[in-house]
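Chain by chain, the residues:
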Amino acid sequence: METAMTTTSAHNWDHNVVLSVEHLTMRFGGLVAVNDLSFNVGRGDITALIGPNGAGKTTVFNCVTGFYKPTEGRIAMRHGAGLQADRIEALTRTGRQFDDDGDNRVFLLERMPDFEISKRAKVARTFQNIRLFGGMTALENLLVAQHNPLMIASSMTIGGILNLPGYRKARAEAIDFAAYWLEKTGLIDRADDPAADLPYGAQRRLEIARAMCIRPHLLCLDEPAAGLNPRESTELNELLQYIRRDHDTSILLIEHDMGVVMEISDHVVVLDYGQKIADGSAEDVKNDPKVISAYLGVDEDEVAAVEESIDMPVIHHAKKPSENGEGGQP
Amino acid sequence: MEYFLQQLINGLTLGSIYGLIAIGYTMVYGIIGMINFAHGDIFMVGSFIALATFLALVAIGISALPLILFITLLVSMLFTSAWGWTVERLAYRPLRGSFRLAPLITAIGMSIVLQNFVQITQGARVKPLPPQIQGGVTLIEGVTENGTIAVQLSYMQMIIIATTLALMIGFSLLISKTSLGRSQRACEQDQKMAALLGVNVDRTISLTFVMGAALAAVAGFMFLLLYGVIDFYIGFLAGVKAFTAAVLGGIGSLPGAMLGGLLIGLIEVFWSGYFSVEYKDVAAFSILVIVLIFMPSGLLGKPEVEKV
Amino acid sequence: MTTAPSTARMADSVKDAAIAALLVAVLGFFFLALRTDIGTGGLDLTTRWGLWFIAIAITFGVRLALNLFVFKAARPVTRGIKVTAPAGLTSFVGRFLGPFLLILALCLPFLLMALFPNRDRQFIDLAILIMTYVMLGWGLNIVVGLAGLLDLGYVAFYAVGAYSFALLAQYFEIGFWTAVPLAGLLAALWGIILGYPVLRLRGDYLAIVTLAFGEIIRVVLLNWYDFTGGPDGISGIPKPSFFGLDFSRTGGFAEFFGLDYDSIHRFIYLYYIILVLALITNFVTLRLRKLPIGRAWEALREDEIACRSLGINTTNTKLTAFSIGAMFAGFAGSFFATRQGFISPESFTFLESAIILAIVVLGGLGSQVGVVIASVVMIGGIEVLRNLGFLKEIFGPDFEPTQYRMLIFGLAMVLIMVWKPRGIISSRNPSAVYKERKKISSDMVAQGEGH
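A. Quick look at empty space enclosed by the protein. Residues and elements named next belong to chain B. With the rule as written, the count across this model stands at three cavities of 30 Å³ or more. By volume, the largest cavity is sized at about 50 Å³. In terms of lining, the largest cavity is formed by Val28, Asn36, Ala38, His39, Ile42, Gly84, Val87, Phe209, Gly212 and Ala213. Mapped by element, the contributors of at least two residues to the lining of the largest cavity are α2 (39-59), α3 (65-92) and α8 (201-227). By residue number, the principal contributor to the lining of the largest cavity is α8, which donates three residues. In this structure, the second largest cavity occupies an estimated 40 Å³ of space.

B. Examining the interface of chain B and chain C more closely. Contact residues are listed per partner, giving 70 residues for chain B and 69 residues for chain C. Each partner contributes to the roughly 6,100 Å² buried at the junction of chain B and chain C, and carbon and sulfur atoms together form 75% of this total. Counting every contact that joins chain B to chain C gives zero salt bridges. Counting the contacts that link chain B with chain C gives nine residue pairs in polar contact (both at pLDDT 80 or more). At 16 residues, helix α4 (residues 101-122) of chain B tops the list of elements feeding residues into the side of chain B that touches chain C. Among the residues forming the side of chain B that touches chain C, the class breakdown is 49 nonpolar, 12 polar and nine charged.

C. Geometry of the sheet that holds strand β7 (residues 123-125) of chain A. Residue and element names in this part refer to chain A. Reading across from one edge, β7-β8-β9-β3-β10-β11 is the order of the six strands in this open sheet, with mixed pairing throughout. The sheet terminates laterally at β7 and β11 (275-280), the two strands that pair on one side only. Ignoring which end each strand starts from, the neighbouring axes of this sheet average 15° apart. As paired strands, strand β3 (residues 46-50) and strand β9 (residues 250-254) are joined by four bridges and run parallel to one another. Bridging from a neighbouring strand, Ala48 pairs with Leu253 of β9.

D. Main features of the state of the cysteines. Enumeration according to the criterion identifies zero disulfides over all chains in this entry. Cys213 of chain A takes part in no disulfide bond, and the closest cysteine sulfur to it belongs to Cys307 of chain C, at a distance of 14 Å. Here Cys213 of chain A falls in the buried class, since its relative accessible area comes to 3%.

E. Structural detail: the environment of Leu189 of chain C. Relative to the elements of secondary structure, Leu189 of chain C occurs in helix α6 (residues 176-198). With 135 residues separating them along the chain, Leu189 of chain C and Ile324 of chain C place their C-alpha atoms 9.6 Å apart.

F. Main features of the domain arrangement of chain C. Per the domain assignment, the segments making up chain C are domain 1 (3-76) and domain 2 (94-444). The centre of domain 1 of chain C, based on its C-alpha atoms, is set 39 Å off from the matching centre of domain 2 of chain C.

G. Fine view of the side chain of Arg339 of chain C. All names here are of chain C. Mapping Arg339 onto the fold places it in helix α13 (residues 314-340). At 3.1 Å, the side chain of Arg339 forms a polar contact with the side chain of Asp125. Not counting residues within four places of it along the chain, the set of residues in contact with Arg339 comprises Asp125, Ile128, Leu129, Lys239 and Leu270.

H. Representation of a nonpolar patch on the surface in the model. Residue and element names in this part refer to chain B. A contiguous nonpolar surface patch, about 670 Å² in accessible area, is contributed by Met1, Tyr3, Phe4, Trp271, Tyr274 and Phe275. Looking at the nonpolar patch, the elements with two or more residues in it are α1 (2-32) and α10 (254-274). Judged by its relative accessible area of 40%, Tyr274 falls in the partly exposed class.

I. Quick look at the confidence of the model for chain C. All names here are of chain C. When the pLDDT values of chain C are averaged, the result is 83; 89% of them are 70 or greater. Between the elements of chain C, mean pLDDT differs from a low of 67, seen in helix α16 (residues 391-395), to a high of 94, seen in α13. Long-range and interchain partners of residues 74-86, a stretch whose pLDDT sits below 50, account for 20 contacts in this model, where long-range means more than four residues apart. For this predicted complex, the interface confidence reaches an ipTM of 0.86, while the overall pTM sits at 0.86.

Procedures and definitions
- Within any chain, residue numbers begin from 1 and follow the written order of that chain's sequence.
- Chains and ligands are labelled sequentially in the order written, the chains with letters from A and the ligands with numbers from 1.
- For this predicted model, a pLDDT threshold of at least 70 governs which residues receive local features, and a threshold of 80 or more governs which side-chain atom pairs are given and counted, while totals over whole chains, interfaces and linings are taken from all residues.
- Just so you know, side-chain values use all the structure's heavy atoms and leave hydrogens and water out.
- Think of a 1 Å grid over just the protein atoms. A cavity is a set of points where a 1.4 Å probe fits yet cannot get out, a pocket is an open set with protein on both sides within 12 Å along at least five of seven lines, and lining residues have an atom within 4 Å of a point.
- Grid points are joined across faces, edges and corners, and a volume is the space filled by probe spheres set on the points.
- Counting from the N terminus, the helices are DSSP H or I runs at least four residues long and the strands are E runs at least two residues long.
- Contact criterion: two residues are considered in contact whenever any of their non-hydrogen atoms come within 4.5 Å of each other.
- When two parts are brought into contact, each loses some accessible area as probed by a 1.4 Å sphere; the total of that loss over both is the buried area.
- Note on definitions: salt bridges are taken to be side-chain nitrogens of Lys or Arg within 4 Å of carboxyl oxygens of Asp or Glu.
- The term polar contact refers here to a pair of N or O atoms within 3.5 Å; inside protein, the definition further demands a hydrogen-donor-capable atom paired with an acceptor-capable atom, and it admits residues adjacent in sequence only when both atoms are side-chain atoms.
- Residue classes follow a fixed rule: Ala, Val, Leu, Ile, Met, Phe, Trp, Tyr, Cys and Pro count as nonpolar, while Asp, Glu, Lys and Arg count as charged, and any other residue, Gly among them, counts as polar.
- DSSP bridges decide pairing: two strands pair if at least two such bridges lie between them.
- To get an axis, a line is fitted to the C-alpha atoms, and for a helix only the part in contact is used. The angle between two axes follows their N-to-C directions and goes from 0 to 180 degrees.
- Throughout, disulfides are identified as pairs of cysteine sulfur atoms within 2.5 Å of each other.
- Burial classes: relative accessible area under 20% of the type maximum marks a residue as buried, over 50% as exposed, and values in between as partly exposed (1.4 Å probe, protein chains only).
- In this entry, domain limits derive from an automatic or database-based domain assignment.
- Excluding any residue in a salt bridge, patches collect residues exceeding 30% relative accessible area, merging like charges within 9 Å and nonpolar Val, Leu, Ile, Met, Phe, Trp and Tyr side chains within 5 Å.
- We get accessible surface area from the Shrake-Rupley algorithm with a probe of 1.4 Å; when it comes to residues, only the shown protein chains can shield them.
- Per residue, pLDDT captures the predictor's confidence, and it can take any value from 0 to 100.

Shown next, in the form of structure tokens:
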């Protein structure tokens, strides 16, 4: 991946933005989980959100996907190209949730209920602790994800009860689309098995396939590689690259596995204690002393000494999964 | 004002009874997360046992009323506990770890069984017991245009409120200080982990049912003394209201159950006193619906954060 | 276990049986041995030692016999008794049971007339009753079985349907066939009104709130004397007509078709009405299950949060399930009103809700055939107990078998649930198939929120 540019202003995520998080703050009672966080997700990029446990990554995800209402801040989603700063400013002043202009829509996610974010803004997500419909087959899981278009095709159920040809066609297409993603995730042979029956790695892939069935502009993955073996991890990398390349879908992911992060990310945002401590290309970030200190749990000026003493740089070896990230919090 | 105070006293008395039943619901819900639908009928069984004991004691010639009351209370607590234990053993324990709806259905089944068992063995007609404890103290005497109104606190009401308070304090201590209480709280948090750490989960749950049944028996006895009429069907409505009280107070919380019970009692009495007797149940249920919509975790319950 | 000496087992079995007998002695003391009755000077306490001893002895004997011959262990295992039918049989039954039951249902009145010429009226009436519960069970199955919303106040919508028809007939002289859709719509409307504020509640809270609604509606019906007649109810509800023909002695159905007048015609007609209504319910439910809305219901039962992340408006989805379920209860309610000709709040107690819910859960959540089996077993079973007159000859003239109906009903509920916690039919049919239709074991299927 040759995304590293010579100057910072030339980064894709600075001018071709799909999602911008601006001054996001989330408080739970007295606890500040996310504090004045701003970052961009570039269109077509794979953006990784990393940080030690408890840094607030999942909270950011829940704000973006509408499961939490942020205390403060703006989360803007764009379907069209460019920054579109003026339109977003104008939309913010109106109090509306989104500005509909053909294919070039902009959305203020912090104003939208969770299901609308998925339905209209086309932001899909997966969950840290897989949330599949366990008693339904893999195929059914993917059909549920196509609920909204199918509802329209079934003329809000009436046409479906009468089994009108229009609905029959839409249904067949939906099954084909689901089969396409089952094929891509290597699950086509398990299409008629209940999701709860699949092995762990397959469940993770099925959840991604299901998210892709809403035809998202942005796919948010919460620790997609957690619990995968090395081979599955490699397959996941390929799948994500494929999604980004062939489906015009930008990816935002939370990941602990530094191997995955460093290998596939174009852009890495590092959080610690709810605040952004680094933001840049994978190359930039992994050499940032602030990041290393956050992961090692020591002060910045001690980093060099500690690294020397343990002789095991945490994220310098990009291919090596890091266990130290887990225990990084002081 | 006098009328208001009188209603307040009446409401607190009724509320104490609801509160005692509600504790049983809340403890069971807290520990195994199920609505023990048969609990209202355990209360009914308790009142029947109390009635029979009372009559038996009178029949064998004991004349000292306090002694009779005391023995009746103990006997009904003891025997009702056996019923509570049996219901758990037969209908709930085999379904431990099963699906959520299964124990709910067996609970409804047990409720039907208990009602009909008592109806068959004791007859369907109501059992009236003449008031046993009479008299009271006049707190305030007021004069209105219609004559004098006195605010009365009867001995009966005093006994009910005092017993409830004593039991409430006793149980709070039991839960917070003893090892049984600790096991109970451990099972509430995580049954598997508690079992791994050597807590006898089955025994703890059984004891929870026994304790709930004992309190329901007290409530049943007091209901008998206060109203003087019982039948095999009193458990349903009292049970539903007590459950309402438990939910209102925040299910899983002992003080919440007591508070909820008092509130339901007060709402019912005030509604009857100022609006209409016929719609008192509607008032209690409407409050429940409103509280749940705006405060889903009840008054003293822990707010539940949706885990994503 | 097998090598254990039989004397030890015997001793353990006796000990266990003795404990059981002791428990019965304790539990039964105040109910079997003592009895309070209203006497001349207040309450009398009578003793029935004989009954008590018999109960203890029976318990000891039965428990001992069970320990020795059935459980074959010192301690009976209440869990883990599994009866597995061979796979071939299950799939055979699965494929043909539905059509077989349908054909049976279609011919039933004539079968009954041929087989029991003297008691046909009674049996057809029972079939009507069972079919009513089948329809109610199917309606509730949408709410509880598919959408996973625990509704303990379903009878409220049944009452709304019944009272809608009764009141429309009373005030506007509307006939049955006009009233049925109106009653269904009104019940659905009530479903939306009651459902909207409460459907965001978690499982058990939803259960208790629906129970409260059921009671509120009953209490209002009971006390709004001017409008509903209060406890007196509403009588003189019109009977349904057959394309304008009444089932009267003269000038009605029999005369038009040149038949001899027989009151059984009306029973048969009523039977077919409820059969058609029930089949419509079944057809719509089966169709809905395969449509996006039905799949969304099931997804909601599985995981609500995942549904929201996929763009499903969960509030609306729950509301549709709730109101469609309510609508079918409304249809059934208006049928109930026309069949009885008289309704009062008595018929719409919590017990009815409990019975309908029990039918759905015992049958197996989400299973349509399960509902039929459970209705036949439970409702039919209750009625069979009415007809056990011969028991009087065994237990003496004071013995009243009907008294024991609900007791046995309750026991059956407990026993069936302990035996099969997921209901009689406990597998799920996928709503869409890619290659091969596989049944999904119910162990994987969730039962709704808060489990």
